[in-house]
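Below are the chains, spelled out letter by letter.
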Amino acid sequence: MLNRNFDVLIVGSGHGGAQTAIALRQSGFGGTIAIVSAEDDLPYERPPLSKDYLSGDRPFERILIRPATFWRDKDIAMLLGRRVVSVDPQAHVAALSDNSPLFYRTLVWAAGGVARRLACTGGDLAGVHSVRTRADVDRLMRELDRVTRVVVVGGGYIGLEAAAILTQLGKRVTLLEAAPRVLARVAGEPLSRFYEEEHRARGVDLRVGVEVACLEGRDGAVRRVRLADGQAIDCEMVIVGIGIAPAVAPLLAAGAAGSDGVDVDEYCRTSLPDILAVGDCAAHVNTFAGGKRIRLESVQNANDQAAVAARSIVGALRPYDAAPWFWSNQYDLRLQTVGLSAGHDATVIRGDMASRSFSVVYLKNRRVVALDCVNSTKDYAQGRALVAARAAVPPDQLADTSRPLKEFAAEAAI
Ligand SMILES: Cc1cc2nc3c(=O)[nH]c(=O)nc-3n(C[C@H](O)[C@H](O)[C@H](O)COP(=O)(O)OP(=O)(O)OC[C@H]3O[C@@H](n4cnc5c(N)ncnc54)[C@H](O)[C@@H]3O)c2cc1C
């Protein structure tokens, strides 16, 4: 018989949900914990889905966040393949899609987001894929043998990573981005142009400033992408990487504050009693975004908010104030990012971009707010302190690669 009463009920088995349960047990929490998830799999890492899992280099067992025995040993119940459709905050009940109830003392909403689909005609043809879950990628991989031409829609990290892997697998890839440059939402122009050149040099037909009008098919399967200017691109597969919609409808319907995500305070508490939220779906005020309320879609954010939520549950409150970081692997390029570059007013390039090992330093009001480090782990490791302290360093000095970034950190007395 399914136990239906839990001290902590966690909705979502991604990085945020899994890490909340792990952090609770690490803190000595002895109450009952369950993770309920719409996915059938035990918690796994999502980043490899567009990297070495997609390439076939890393099997599923090696992307599990913990081995199966861990959850049993730690007495964390896994209610997999079940979706929470509504929440009654007063009664402390979450209802599953078959209407059965789960009772909780504390609810942690870690439901992430749902991949946005193309809204145009043909968006639901066979051969059109998202890259959000293991099931998505398995479906896509099963078709790959029959595919020679792929169109990737979206020049964000996921689209670019997928384009890199598919090119390396020998597919002919066209990448379409509606904005005037790739990575426009998350990086400065020098980095965008660098990645555009890298992809083109490896044979990707990368087009920016183009709009998809519709997808055309034959026998129910996609065969062509039609652009707004009338051009057509023949293909057997389309991969859509145009962002996510946060999965928060049941919480908003229950009266939680929020719109693009569910609003949380610095302790990851929503406006509803005994309901916290973490990860991609949690809209929080972030000091690294100049105090704006934002959602971050990163493993760092999911894990660090999970640690904060676990502390809130056991009454050892600690506010969320972690510096954002992120990474992306494309070809032999390892990008490591720290801070948030949105709103920067100056950039400094450290190193020679042609050498394919360099960093872009982002400044706002003369202070370092972010770094994008390409094959430059030293800058990344040493630049973190500059971002955390928002250090004021003259641009000409930042550009001087003979001076390691840790020198500036020392000068700024960080
Ligand atoms: C292909 C890909 C590559 C990425 N690469 C990177 C990277 O290189 N670096 C990085 O930092 N980040 C990367 N990310 C982002 C990172 O994976 C996410 O930020 C992270 O997974 C967010 O964790 P989460 O727990 O908030 O949500 P998710 O991982 O999305 O987990 C949410 C879970 O909740 C479940 N769920 C949703 N609604 C319900 C419901 N109503 N009832 C029950 N269960 C529900 C979902 O099925 C899902 O299992 C990548 C993401 C993707 C998709």
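On a predicted model such as this, the values are computed, not experimentally measured, just so you know.

Looking only at helices and strands, the chain has 10 helices and 26 strands in total. Whereas a compact globule of 414 residues would reach a radius of gyration of roughly 22 Å, the chain reaches 22 Å, a difference of no more than 12%. For the C-alpha atoms alone, the extent of the chain along its principal axes is close to 65 × 60 × 40 Å. When the 414 residues of the chain are sorted by exposure, 54% land in the buried category. Counted over contacts in the chain with a minimum sequence separation of 6, partners at least 24 positions apart contribute 59%. When the accessible surface of the chain is totalled, it reaches about 17900 Å², and 48% of it is carbon and sulfur. Here the chain contributes 49 positive and 48 negative side-chain charges, whose respective centroids are spaced 1 Å apart.

Glancing now at the sheet that holds strand β11 (residues 205-208). As summarised here, the arrangement of the five strands in space is β8-β15-β9-β10-β11, forming an open sheet in which the pairing is parallel. Both edges of this open sheet fall to β8 (128-130) and β11, since each of them pairs with a single strand only. Each adjacent strand pair in this sheet contributes to an overall mean axis angle of 20 degrees, direction not counted. Running at roughly 165 degrees to strand β10 (residues 172-177), helix α4 (residues 157-168) makes contact with β9 (149-153), β10, β11 and β15 (237-240) of the sheet.

It is worth spelling out the site of the ligand at this point. Taken together, the neighbourhood of the ligand is formed by 34 residues, with Glu39, Arg46, Lys51, Arg132 and Asp280 sitting nearest. Residue glycine 16 places a main-chain N or O atom 2.8 Å away from an oxygen atom belonging to the ligand. About the coverage of the ligand: the protein hides 95% of its 1000 Å² of free accessible area. Where the shell around the ligand is concerned, the elements lending two or more residues are α1 (15-26), β2 (33-37), α7 (299-313) and β22 (325-330). No other element matches α1, which puts three residues into the shell around the ligand. Looking at the shell around the ligand residue by residue, the classes come out as 14 nonpolar, 12 polar and eight charged.

This brings us to the sheet that holds strand β23 (residues 333-339). Strand order across the open sheet formed by five strands is β22-β23-β26-β25-β24, with antiparallel pairing between neighbours. Of all strands in the sheet, those with a lone pairing partner are β22 and β24 (346-350), marking the two edges. In this sheet, adjacent strand axes meet at a mean angle of 15 degrees when their direction is disregarded. With five bridges joining them, β24 and strand β25 (residues 358-364) adopt antiparallel strand pairing. Of the residues in β25, the one forming a bridge with alanine 346 is leucine 363. Against the sheet, α4 touches β22 and β23, its axis set at about 25 degrees to β22.

With that settled, consider the side chain of arginine 46. Along the chain, arginine 46 falls in the loop between β2 and α2 (68-73). Polar contacts involving the side chain of arginine 46 include one to the main-chain carbonyl oxygen of arginine 132, which spans 2.7 Å. Non-local contacts of arginine 46, meaning those with residues more than four positions away in its chain, are made with Gly14, His15, Glu39, Arg132 and Thr133.

This paragraph deals with the nonpolar core. Leu175, Leu183, Leu191, Tyr195, Ile239 and Val374 are the most contacted members of the largest nonpolar core, which totals 41 residues. Among the elements that take part in this core, α4 stands out by supplying seven residues, more than any other. Setting aside residues up to four positions removed in sequence, leucine 183 forms contacts with Gly155, Gly156, Tyr157, Leu160, Leu191, Ser192 and Tyr195. With 26 residues, the next largest nonpolar core counts Ile22, Phe29, Val278 and Ala309 among its residues.

Buried residues dominate strand β20 (residues 282-286), accounting for four of its five residues. Note: strand β18 (residues 261-263) against β20, two bridges, orientation parallel. Among the inter-strand pairings, valine 262 is bridged to a residue of β20, identified as alanine 282. Sheet topology places β20 next to strand β21 (residues 292-294); three bridges connect them, and they run antiparallel. Each bridged residue has a counterpart across the sheet, and for asparagine 286 the counterpart in β21 is lysine 292. Between β20 and β21, which pair antiparallel in sequence order, lie five residues; one of them, glycine 290, sits at a positive phi of approximately 65 degrees.

Sheet topology note: the strand β12 (residues 212-218)/strand β13 (residues 221-227) ladder contains six bridges and is antiparallel. If you follow arginine 218 over to β13, its bridge partner there is alanine 221. Here β12 folds back onto β13 in antiparallel fashion, the turn holding two residues, of which aspartate 219 has a positive phi close to 50 degrees. Where β13 meets strand β14 (residues 232-234), three bridges bridge the pair, whose relative direction is antiparallel.

As a further point, take unusual backbone geometry. It is generally the case that most residues other than glycine have a negative phi and that most peptide bonds are trans. The backbone phi angle of aspartate 75 is positive, close to 55 degrees, even though this residue is not glycine. Positionally, aspartate 75 belongs in the loop between α2 and β3 (76-80). A relative accessible area of 57% means that aspartate 75 is categorised as exposed. Phi at cysteine 268 takes a positive value of approximately 65 degrees, unusual for a residue other than glycine. Take cysteine 268: it is sitting in the loop between β18 and β19 (275-277).

Calculation notes
Residues numbered from 1 in each chain as written. Predicted model: local features only at pLDDT ≥ 70, side-chain atom pairs only at ≥ 80, totals over all residues. Heavy atoms only, no water. Helix = DSSP H or I, 4+ residues; strand = E, 2+ residues; numbered from the N terminus. Rg over C-alpha atoms; globule rule 2.2 N^0.38 Å. Buried < 20%, exposed > 50% of the residue type's maximum accessible area, 1.4 Å probe, protein only. Contact = heavy atoms within 4.5 Å. Areas by Shrake-Rupley, 256 points an atom, 1.4 Å probe, with all protein chains shown as cover. Lys, Arg positive; Asp, Glu negative; His and termini not counted. Charge placed at Lys NZ, Arg CZ, Asp CG, Glu CD. Pairing = 2+ DSSP bridges. Axes fitted to C-alpha atoms, helices over the stretch in contact; angles between N-to-C directions. Near = heavy atom within 4 Å. Polar contact = N/O pair within 3.5 Å; in protein donor to acceptor, adjacent residues only side chain to side chain. Nonpolar A, V, L, I, M, F, W, Y, C, P; charged D, E, K, R; others polar. Core = buried A, V, L, I, M, F, W, Y, C linked by side-chain atoms within 4.5 Å.

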